[in-house]
Amino acid sequence: MTPQPVDSPDLWAGLPTLQEEPPGENETAPEVWEDPIPLTGRRERPPFPAHVLPAWLGEFVTAVAEETQTPVDLAGSIALAVLATAAGGRSVVHVRGNWREPTNLYTVVALPPANRKSAVFALLTDPLYEAEKQLKTAMKPVIVEAELTARLAKEAADKAAAKAASADGDKRDEMVKTAVGLAQTADTLTVPAEPVLLADDSTPETVTSLMAEQGGRLSVMSAEGGIFDIIAGRYSGAPNMEVFLKGHAGDRLRVNRQTRREYIDAPALTIGLAVQPDVLRDIGKVKGFEGRGLLARFLYSLPVSTVGDREIITDPVPEQTAAAYTARVIDLALSLAEWTDPAVIQLTPEADAALIAYQQRIEPQLRARGGKLGHISNWAGKLAGATARMAALLHLADHGGNGYAHPVTEDTMRAAIELGEYYTAHALAVFDVMGADPVLSRARSVLDALRDNRWEDVSRRDVFTVLSRPEVPTVADLEPALALLEDHGYLRSYQPERTGKRGRPPAPRLLVHPRLWQGGG
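Asks: In this structure, what is going on with helix H17 (residues 475-487)? I would like to understand it.
Replies: What sets the pattern is the α-helix's 3.6 residues per turn: residues three or four places apart point alike. With 13 residues, H17 ought to run about 18 Å at 1.5 Å a step, and its terminal C-alpha atoms sit 19 Å apart, in line with that. Of the residues making up H17, those classed as buried are Leu478, Ala481, Leu482 and Leu485. Projected down its long axis, H17 carries its buried residues within an arc of 105 degrees, all on one side. Facing away from the buried side of H17 by over 90 degrees, the exposed positions are Ala476 and Asp487. Buried-residue contacts for H17 involve helix H15 (438-453), helix H16 (460-466), strand E14 (491-494) and strand E15 (509-512). Looking one or two residues beyond H17, the residue adopting positive phi is Gly489, at roughly 90 degrees.

Asks: Is there a simple way to think about the packing of helix H13 (residues 383-399) against helix H14 (residues 410-434) in this case?
Replies: Where H13 meets H14, the axes come as close as 8 Å, and the angle between the chain directions of the two elements is 130 degrees. Taken as axis vectors, H13 and H14 run oblique relative to one another. For the pair H13 and H14, the crossing hand works out as right-handed. Contact with H13, carried on its side by Leu383, Thr387, Met390, Ala391, Leu394 and His395, involves Thr412, Met413, Ala415, Ala416, Ile417, Leu419, Gly420, Tyr423 and Thr424 of H14 and no other residues of that element. Looking at side-chain class alone, the contact of H13 with H14 contains 10 nonpolar, 5 polar and no charged residues.

Asks: It is not clear to me how the sheet that holds E14 should be interpreted in this structure. Could you clarify?
Replies: Read across the sheet, 3 strands follow the order E13-E15-E14 without closing on themselves; strand pairing throughout is antiparallel. The outermost strands of the open sheet, each flanked by one partner alone, are strand E13 (457-459) and E14. Between one strand axis and the next, the sheet turns by 30 degrees as a mean value, whatever way the strands run. Looking at chain direction, E14 and E15 are connected through 4 bridges and run antiparallel. In the strand pairing of E15, Tyr494 is matched with Arg509. Against the sheet, H17 contacts E14 and E15, and its axis sits at roughly 110 degrees relative to E14.

Criteria and thresholds
Residues numbered from 1 in each chain as written. Predicted model: local features only at pLDDT ≥ 70, side-chain atom pairs only at ≥ 80, totals over all residues. Heavy atoms only, no water. Helix = DSSP H or I, 4+ residues; strand = E, 2+ residues; numbered from the N terminus. Expected span 1.5 Å × (residues − 1). Buried < 20%, exposed > 50% of the residue type's maximum accessible area, 1.4 Å probe, protein only. Arc of directions from axis to C-beta. Contact = heavy atoms within 4.5 Å. Axes fitted to C-alpha atoms, helices over the stretch in contact; angles between N-to-C directions. Parallel < 35°, antiparallel > 145°, perpendicular 65-115°, else oblique. Left-handed = near helix turned anticlockwise from the far one by under 90°. Nonpolar A, V, L, I, M, F, W, Y, C, P; charged D, E, K, R; others polar. Pairing = 2+ DSSP bridges.

Next comes the structure, spelled out in structure tokens:
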């Protein structure tokens, strides 16, 4: 049987309430211990709101979840990454003033093994590979012609240079001038790269090169979390996240090295991942990921696994539903593929008003003190922009490649806001897993220490002594964690009686919930 965490709600279910005599003769401490409130028990993770997607997309997402018996969150988040792959780099949404957002996204779904992540990925991404195949077929004659033209131009320039080198007198200057002109013409001719929409777990260098070849547009889609290891430098020895930071924001990217020079004026990278929950715990510990803002760029989904409750015989995805999904995704990818200057999507005044109201609702929650999102303000500060991006993608899913001819409606923006609220709830849960809230993280460390040492009655100093100094530098840093545990019913603070009449009164001590020191944790 897998051991449960000490704050698991299931750990305390069905156990009788304990009555314990506290140490000493402290008559003010109550004798009855109630079940503690789990530290994470207040984090609600709503299901993915598939109903806000356009009908053709929502029906496919729901049907895939039914056939594979997986949470709809998995197919839903991948579907948004699919839309971003088709439209990213070829469209932007104009919010207001100088504020524009590209339409690429970073999404990640965390589910334990045996949740059929690869199967869902294949069903959702197959149309992108078909679109890529069609783009390659269409581009092949263009590439062949460009290669031939470039080769002939270079050969003509080389022949002219050879003749100029052997020319005499007055003819030499004229022939050199002709050779230089032919060489300059040859140098301006470029061979377009073979179209690529998707890459797997690629190195930062490979991603940068592919984006430069593809006019700044690329998508990394994977049912594994290896890309995080690559970014962290697990194989190269040093973290390299520049392309992943700028590829999300659309900031100009310039690489100047001895071996290569690559310039991307408006990079648009999309990332769609399905990983195991342990991957999120690990990346939360990687130095630089949070500080430089990489973790703040992802939309997180942490659904409840369906393993153990799945139906054996299920309805397959209806052929008509699958055909509509395939056709729409391919059409969107192909219709925007030729755009060099991105298609600009506008908002209706009503849509902008809805987004403004949402921003006004979010802003107070970003306060460092008392704000619900204060401890993840790096992430939540990008929420309005992510919502505008999702609104544009839903709009394009409705209208196809000519979505730029119509503004985003209020209903579409409200659908995107509902998605934003979904991802906010899940981000809170994910950042709990990563330990983004230092008070919550320290409280968990204290619980571990209480359980390991089986303390019934302990001083604050003793608790502080066994904790890590980098995590809890001072006793003052420990106090908010102890207060949180006391609020949740794991601890009780009491004042011991004086043993003499002189000197300072003894320091307050802590009583520990019996379930911890009796081995219940």
